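Single-letter residue listing:
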Amino acid sequence: MKQFTETLDYLKSRGITAPETGIILGTGLGDLAGHIDAELIVDYEEIPHFPVSTVETHKGKLIYGMLSGRKVLAMQGRFHYYEGYTMQQIVFPVRIMKMLGVSALLISNAAGGINLEMGKGSLMLIDDHINLLPANPLTGPNHNGLGTRFPDMSRPYDPKLNELFMKAAEAEGIKLHTGVYAAVAGPNLETRAEYRFLRTIGADVVGMSTVPEVIACNHMQLPCAAVSVITDECDPDNLAPADISDIIATAATAEKSLTRLFKHVLANL
Ligand code: HPA
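Just so we're clear, the structure is a prediction, and the values are computed from it rather than from any experiment.

Caption draft 1: Local environment of helix 2 (residues 87-100). Spanning 14 residues, helix 2 covers 20 Å between terminal C-alpha atoms, matching the ideal 20 Å at 1.5 Å per step. The sharpest bend along helix 2 measures roughly 30° and falls at Pro-93. Judged by how many residues are buried, helix 2 sits mostly within the fold: 10 of 14 residues are covered. Of all the positions in helix 2, only Met-87, Ile-90, Val-91, Phe-92, Pro-93, Val-94, Arg-95, Ile-96, Met-97 and Leu-100 are classed as buried. Tucked into the core, helix 2 has its buried residues touching helix 1 (2-13), strand 1 (21-25), strand 4 (70-76), strand 5 (104-113) and helix 5 (211-220). At the C-terminal side of helix 2, Gly-101 shows a positive phi close to 110°.

What follows is the structure, encoded as structure tokens:
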């Protein structure tokens, strides 16, 4: 597709030639970006065909540099369905990362805790997901050059990467739960009945991102892993009104351990 070529040519001309690992940093989880020994930082709005953020107050950035001995390409700021982007726009940067040569994608997000054994502020490695989003990035003609029409999703999160995450958590003394992420469109938080429904269908956490990118990764056979920071407890029987500033503040408290975890994994890739 012409769009892919134009974006790739632009990023390569800026010097992004050989990233090894892609990273997507979720809401309130920008701390890791500050640890990257950056060679280049590109604003999304400079990049041809990148979705342009109109809603968010801070602009997205692509950061290229070294982290734990790896050449990484990190997205500081991701695109959500509730912002009005199409699914194809949301996964465009992931496809570009793969075309630039990354061999793995590490993702973080903020999520609500459905399984109340996982407390506020804790971390969960996503082992599987339930897609409740109303659209899919693979709808429409298949890009045969990227992947097959009906991609397998039996192991959407790479078992080897997940093993590395569990080992890294142990080595760093960080408690890392594992579980199922349910993706919803948002932007409203859920009702009590919806939280009960999510618990019944087997979700451990709920969030508004990640699944489109993971579907795109599986389509392209790009190994990926994702960690959720549990920012609020979604107990239908004692539901307090949601406070978005509290959710973002809780994400920030988990940033340090998330950074240590990601750095440890990168060093052992
Ligand atoms: N629901 C959906 N998305 C979220 C939540 C939630 O409770 N918390 C953080 N992201």
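Caption draft 2: Spatial organisation of the pattern of salt bridges. Under the defined criterion, the tally for this structure stands at 11 salt bridges. Salt-bridge contacts for Glu-39 lead to Lys-71; the nearest nitrogen and oxygen are separated by 3.1 Å. Of this pair, Glu-39 sits in strand 2 (residues 37-43) while Lys-71 is found in strand 4, placing the two residues 32 residues apart along the sequence. Between Glu-172 and Arg-260 there is a salt bridge, with the nearest N and O atoms lying 3.2 Å from each other. Remark: Arg-260 occurs in helix 6 (residues 244-267) and Glu-172 occurs in helix 3 (residues 159-172); sequence separation between them is 88 residues.

Caption draft 3: Region of interest: the nonpolar core. Membership of the largest hydrophobic core comes to 49 residues, with the highest contact counts inside it found for Ile-16, Leu-62 and Leu-105. Considering every element that reaches this core, the biggest residue donor is helix 2, with eight residues. Not counting the four nearest positions on each side in its chain, Ile-16 is found in contact with Leu-11, Leu-40, Val-42, Tyr-64, Leu-73 and Leu-100. Judged by nonpolar contacts, the second largest core, of 30 residues, contains Ile-23, Ala-33, Leu-106 and Ile-174.

Caption draft 4: The site of the ligand, seen in detail. Surrounding the ligand, one finds Ala-110, Ala-111, Gly-112, Leu-189, Glu-190, Tyr-195, Val-206, Gly-207, Met-208, Thr-231, Asp-232 and Cys-234. Gly-112 is positioned with one of its backbone polar atoms (N or O) 3.2 Å from a nitrogen atom of the ligand. Within the side chain of Asp-232, an N or O atom sits 2.7 Å from a nitrogen atom of the ligand. The fraction of the free accessible surface of the ligand (260 Å²) that becomes covered by protein chains is 94%.

Parameters at a glance
- Residues numbered from 1 in each chain as written.
- Predicted model: local features only at pLDDT ≥ 70, side-chain atom pairs only at ≥ 80, totals over all residues.
- Heavy atoms only, no water.
- Helix = DSSP H or I, 4+ residues; strand = E, 2+ residues; numbered from the N terminus.
- Expected span 1.5 Å × (residues − 1).
- Bend = angle between axes of the 7 residues up to and from the residue.
- Buried < 20%, exposed > 50% of the residue type's maximum accessible area, 1.4 Å probe, protein only.
- Contact = heavy atoms within 4.5 Å.
- Salt bridge = Lys/Arg side-chain N within 4 Å of Asp/Glu carboxyl O.
- Core = buried A, V, L, I, M, F, W, Y, C linked by side-chain atoms within 4.5 Å.
- Near = heavy atom within 4 Å.
- Polar contact = N/O pair within 3.5 Å; in protein donor to acceptor, adjacent residues only side chain to side chain.
- Areas by Shrake-Rupley, 256 points an atom, 1.4 Å probe, with all protein chains shown as cover.

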